[in-house]
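# Chains, contacts and geometry: an overview
So you can see what is in the structure, the chains are spelled out below.
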Amino acid sequence: MNLFKKIWARTFEGVFRLALPLLPYKNPHILDDIREVPQVLRQKARKKALIVADPTVVELRLIDPMVDAFEMLGVGYCIYDRVVPNPTTKECGEACDLYKTAGCDCIVAFGGGSALDCAKAVGALIARPKKTLNGMAGILKVRKKIPLLVAIPTTAGTGSETTLAAVITDAETRHKYAINDFPLIPSYAVLDARVLLSLPPHIIANTGIDALTHALEAYLGRSTTRGTRADALKAIRLIFENLEGAYAERDAEHLGSMLFASHYAGRAFSKSYVGYVHALAHALGGKYNTPHGLANAVLLQPTLRAYGSKIYGKLKKICVSCGFAEASTPKQAAAEIFMQKLAALEEALGIPSYLTEIREEDLPLLCDYAYREAYPLYPVPVLWDKGQLEQVYREVMAK
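### Topic: the side chain of Arg128
- With respect to the helices and strands, Arg128 occurs in the loop between helix 6 (113–127) and strand 5 (138–139).
- No salt bridge is formed by the buried Arg128. Its closest oppositely charged neighbour is Asp181, at 6.8 Å.
- Residues in contact with Arg128, not counting those within four places in the same chain, are Met136, Lys141, Val142, Arg143 and Lys144.

### Here's the deal with the sheet that holds strand 3 (residues 76–80)
- Taken together, the six strands give an open sheet; going across it, the order is 1-9-6-4-2-3, and neighbouring strands pair in parallel fashion. The open sheet has two free edges, formed respectively by strand 1 (29–31) and strand 3, since each of these has just one partner strand. The average undirected angle you get between the axes of adjacent strands in this sheet is 20°.
- Bridge count between strand 2 (residues 48–53) and strand 3: five bridges; the pairing is parallel. Opposite Lys48, over in strand 3, you have Gly76 as the bridge partner.
- Running at roughly 160° to strand 3, helix 5 (residues 89–101) makes contact with strand 2, strand 3 and strand 4 (106–111) of the sheet.

### Examining empty space enclosed by the protein
- Evaluation of the coordinates by the stated rule reveals two cavities of 30 Å³ or more.
- Taken as a whole, the largest cavity holds about 50 Å³ of empty space.
- Surrounding the largest cavity, Glu217, Leu220, Gly221, Val274, Gly275, Leu304, Tyr307, Pro379, Val380 and Pro381 form its lining.
- Of all the elements in the fold, those that place two or more residues in the lining of the largest cavity are helix 7 (201–220) and helix 11 (292–307).
- Forming the walls of the second largest cavity are Ala156, Leu196, Leu199, Ile204, Thr207, Leu243, Leu255 and Met258.
- Listed by contribution, the elements that provide at least two residues to the lining of the second largest cavity are helix 7 and helix 9 (252–272).
- For the lining of the second largest cavity, the class distribution of residues is seven nonpolar, one polar and no charged.

Rules of the game
Residues numbered from 1 in each chain as written. Predicted model: local features only at pLDDT ≥ 70, side-chain atom pairs only at ≥ 80, totals over all residues. Heavy atoms only, no water. Helix = DSSP H or I, 4+ residues; strand = E, 2+ residues; numbered from the N terminus. Buried < 20%, exposed > 50% of the residue type's maximum accessible area, 1.4 Å probe, protein only. Lys, Arg positive; Asp, Glu negative; His and termini not counted. Salt bridge = Lys/Arg side-chain N within 4 Å of Asp/Glu carboxyl O. Contact = heavy atoms within 4.5 Å. Pairing = 2+ DSSP bridges. Axes fitted to C-alpha atoms, helices over the stretch in contact; angles between N-to-C directions. 1 Å grid on protein atoms, 1.4 Å probe; cavity = no way out; pocket = protein on both sides within 12 Å on 5 of 7 lines; lining within 4 Å. Points joined across faces, edges and corners; volume = space filled by probe spheres on them. Nonpolar A, V, L, I, M, F, W, Y, C, P; charged D, E, K, R; others polar.

Have a look at this one:
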């Protein structure tokens, strides 16, 4: 990356870092039972909710206790359950149309990150009916209050229940982009471990590493605050303590701890942003529909290695916080300890080292998407050009 571009990126990041304390971030109110949702809506004088849900949530009847509570309290609802992994503008438009035709006045998102992203996008479309989702891509382009939004995550990974981002894929071009604005932060988040009990192990693994990636990138980036560093470290500790147990045992205790880990990681990266792991992963999700958690999990180790000595100091602080190293441990040695712990965790979770879908002829487009997402927004430890992004992709291509 040339000197002018580096200066512009670091200047942009510096201004954003100075503005952080003045920005209107909020933390959602936390509920611990999905059956509380209709009570809250009735207290807020809402009459009918659009429930945006993953199809599997409906098929597995995870949604039934909440729906029963809606009917018992006489609060209206309708369900949009066609959300796909990496939701597109098509599904968001369909859900928005249902919201309008059914006469809804609030939104409940029930599912993984895709359902939460779709629900946020619906809120943005309702708030700005004359704008397209593509027209709201980037930062602070919604700027109007969205309908009251309740987020119920059914995976412990995205942290989307606390973030200002909705990640959407254009249905025609397959370009994946983020809409970032403060009105998209949900008013309520329901952290109920019972809705995670039927998750298959590979989903627990992938989404858990997704949460770890959020926390690591938030901590390793250059736009941190005391609060985001504390949230990120708390998330990292909880993940190393609970993810393997959640994967092997699928019990409420470990899964509940992972829900809170995901939440803390979401709080951290919503203010401090992410880095190249996410930019590279989003490009794969847009092009091949690669599950986001899996893409992050595969890309995490090679990206951290490529950052090199620039992150040794922060990796040491993480190691000390997690009890992996002593304060006297040299930085490079501590960084190596962390990478060994990460590799062991991913191996225990069955995370693959390679992705078979990446094609040689697609690399220029993938690198372009990833570069444009990260520059100049993401406060990455090291600034890369497209050639360096391509090197990371090549490391995870099937041999």
